[in-house]
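Chains, contacts and geometry: an overview
Now for the letters of each chain:
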Amino acid sequence: MSDNSEFRPRIAAFFCNWCTYGGADLAGVSRLQYPPDFRVIRIPCTGRMSPKFILQAFRQGVDGVWVSGCHPGDCHYIAGNYYARRRFTIMKNLLEYVGIEPGRLHFSWISSAEATKFQATATEVVEAIRALGPAKHMIKDIREVA
Amino acid sequence: MQARADKIRETAKKLLADGKVDVVIGYKKGTVPMREAPFFAYTPEEADQLVWTSFCCGNLANFAIRREKGEAGKFAVVAQGCVSRNLVGLLTENQFARDDIHVIGVPCLGMCDRRKVADKVGGKLIVEVTEEGDELVVSGQGWQEKVARKDVLRDNCLTCQHRNPVISDELAAEAVDETMGGDIDFTAAPWEKLDAAGRWEAFTAEVDACIRCYACRDACPLCYCHVCFVDESQPQWCGKTQDEADVASFHVLRAFHCAGRCTDCGACESACPVGVKMRRLTSKIEKDVRELYDYEPGMDAEATPPMSVYRPNDPQEFIK
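Keep in mind that this is a model prediction, so the values were computed, not measured.

**A look at the overall build of chain A**
Summing up its helical and strand segments, chain A has 5 helices and 4 strands in all. Listing each helix as α and each strand as β along chain A from the N terminus yields β-α-β-α-β-α-β-α-α. Compactness check: chain A gives a C-alpha radius of gyration of 15 Å against a globular reference of 15 Å for 146 residues, within 12% of the reference. On the principal axes, the C-alpha backbone points of chain A span a range of 45 × 35 × 25 Å. Going through the 146 residues of chain A one by one, you find that 58% of them count as buried. Long-range pairs, those at least 24 residues apart, make up 83% of the contacts in chain A between residues at least 6 apart in sequence. The centroid of the 18 positive side-chain charges in chain A is displaced by 8 Å from the centroid of its 13 negative side-chain charges.

And the structure:
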């Protein structure tokens, strides 16, 4: 969508400490360029991710959410990402079912060695959310309510 | 219905008189028509008040986990299909032991929706509803009308898949057909056919009337956290106002917490004072769980609930 070309989205990015966070670090150290539109929140494991975090991010006005962790089988805590995967599936389906546009929620598995995958995914996520424009739903605008 | 009520009463009296249970959790006649109230019978005399009608719309599994402190003894619960499935779910979640409960199973013919009855008689003030076979006799001041039960069944009862109790120590009637005939896959997740904007519109229109009384949460046997997310204040996940975002967050998260646990008993919709149809949300999750993880809540006490287990090859097409 061309009318969103000037739009810089705000994205909450929840990265697992053990892989994607390291992957982002490696991408930076390797001087790989990627769009700077997401704020990284470090979590110990994607298994620590609660659906509440996603809704809270939307409440506070982000345009999209990106959650990323270790590849299945590589979890530092053995199986955190497997449990997370089921929760993501249900939550993503539910949010899209109530009308959050597909493309506002992103999930990925990126290891700490995959700097190029991090770069590619970051670009893809930002572009997808930028194309959708500002978020319209689930935002708690305190000024409007008060 | 009357035969079932008699049998429940007789069973309850016997259990209490023999000292097999401390209390029988059932229904008594409500103070207003079409709203039978949960009732705790502690003595055989009190058991006389137990009833079974077309309006036992709550979920008694809820009271199996919300008893007074210090009430540790064995208890009996009157349970139709959905309630017995919730009891199984609570057993799986270690809320009580199988030996602590005595299940008086009731093969269920479906419960009626008081709002549908009110619509049928044109919104006239209803003073009394009695039952004659497959018909409800609805009467008010100076009028009386007959309504067929099948025309006013609750939505969830129309698509019920398990009308007979899954666990029971004794039955209050002969087993009935397992399903009511409705197609759950056809009615589940009604907003799926809309686009994103249409879905949001349909969702917010549905929950627009919500006054955030949390009756749906309180009526639900799945909701027994000591501190609910709506009451947490640091951080506050969900504001206390009727702002669209707060109401939407509440309903989305409440539905999410039912994932892989909801038995579609309909207590939430029956409890709602403003008629929000929250099953339109929970049915979507239920459908996902059924299709993705091949799981039906409350059918097997040995099975692990789908959200606390995983398979290495779970579907993940959406994950990059």
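**Side note on the interface of chain A and chain B**
The interface of chain A with chain B comprises 40 residues on the first partner and 48 residues on the second. Buried surface at the junction of chain A and chain B, both sides included, amounts to about 4,000 Å², of which 67% is carbon and sulfur. On the chain A side of the interface with chain B, the three residues burying the most area are R86(A), I90(A) and Y97(A), jointly 24% of the side's total. For D314(B), the salt bridge identified is with R86(A), shortest N-O distance 2.8 Å. For the pair chain A and chain B, the number of links is 18 residue pairs in polar contact (both at pLDDT 80 or more). At the level of secondary structure, the elements contributing two or more residues to the side of chain A that touches chain B comprise α2 (51–59), α3 (80–97), β4 (105–109) and α4 (115–132) of chain A. Of the residues forming the side of chain A that touches chain B, the biggest block, 15 residues, is contributed by α3(A). Grouping the constituent residues of the side of chain A that touches chain B by class yields 21 nonpolar, 8 polar and 11 charged.

**A word on unusual backbone geometry**
Between Q234(B) and the following residue, P235(B), the backbone shows a cis peptide bond with an omega angle of 0°. Inspection of the secondary structure assignment puts P235(B) in the loop between α8 (215–219) and α9 (244–257). Despite not being glycine, R31(A) shows a phi value in the positive range, around 60°. Looking at the secondary structure, you find R31(A) in the loop between α1 (20–29) and β2 (38–43).

**So, the sheet that holds strand β8 (residues 143–148) of chain B**
Residues and elements named next belong to chain B. A sheet is described by the order of its strands in space; here 3 strands give the open sequence β6-β7-β8, paired in antiparallel fashion. In the strand order of this sheet, the two ends are held by β6 (128–132) and β8, each with one partner. Across the sheet, the mean angle from the axis of one strand to that of its neighbour is 25°, orientation sign disregarded. As defined by bridge partners, β6 adjoins strand β7 (residues 135–140) across 5 bridges and the pair is classed as antiparallel.

**Some details on the packing of aromatic side chains**
In the structure shown here, the tally under the stated rule is 23 aromatic pairs over all chains. Judged by centre distance (5.3 Å) and plane angle (20°), the rings of Y97(A) and W191(B) are stacked. One end of the pair, Y97(A), is in helix α3; the other, W191(B), is in the loop between α6 (184–187) and α7 (196–207), on a second chain. A relative accessible area of 6% means that W191(B) is categorised as buried. A network of ring pairs unites the aromatic residues F15(A), Y34(A), F38(A), W66(A) and F118(A) as a single cluster.

Criteria and thresholds
Residues numbered from 1 in each chain as written. Chains lettered and ligands numbered in written order. Predicted model: local features only at pLDDT ≥ 70, side-chain atom pairs only at ≥ 80, totals over all residues. Heavy atoms only, no water. Helix = DSSP H or I, 4+ residues; strand = E, 2+ residues; numbered from the N terminus. Rg over C-alpha atoms; globule rule 2.2 N^0.38 Å. Buried < 20%, exposed > 50% of the residue type's maximum accessible area, 1.4 Å probe, protein only. Contact = heavy atoms within 4.5 Å. Lys, Arg positive; Asp, Glu negative; His and termini not counted. Charge placed at Lys NZ, Arg CZ, Asp CG, Glu CD. Buried area = accessible area lost by both parts, 1.4 Å probe. Salt bridge = Lys/Arg side-chain N within 4 Å of Asp/Glu carboxyl O. Polar contact = N/O pair within 3.5 Å; in protein donor to acceptor, adjacent residues only side chain to side chain. Nonpolar A, V, L, I, M, F, W, Y, C, P; charged D, E, K, R; others polar. Pairing = 2+ DSSP bridges. Axes fitted to C-alpha atoms, helices over the stretch in contact; angles between N-to-C directions. Phe/Tyr/Trp six-rings, centres within 6.5 Å; stacked < 30°, edge-to-face > 60°.

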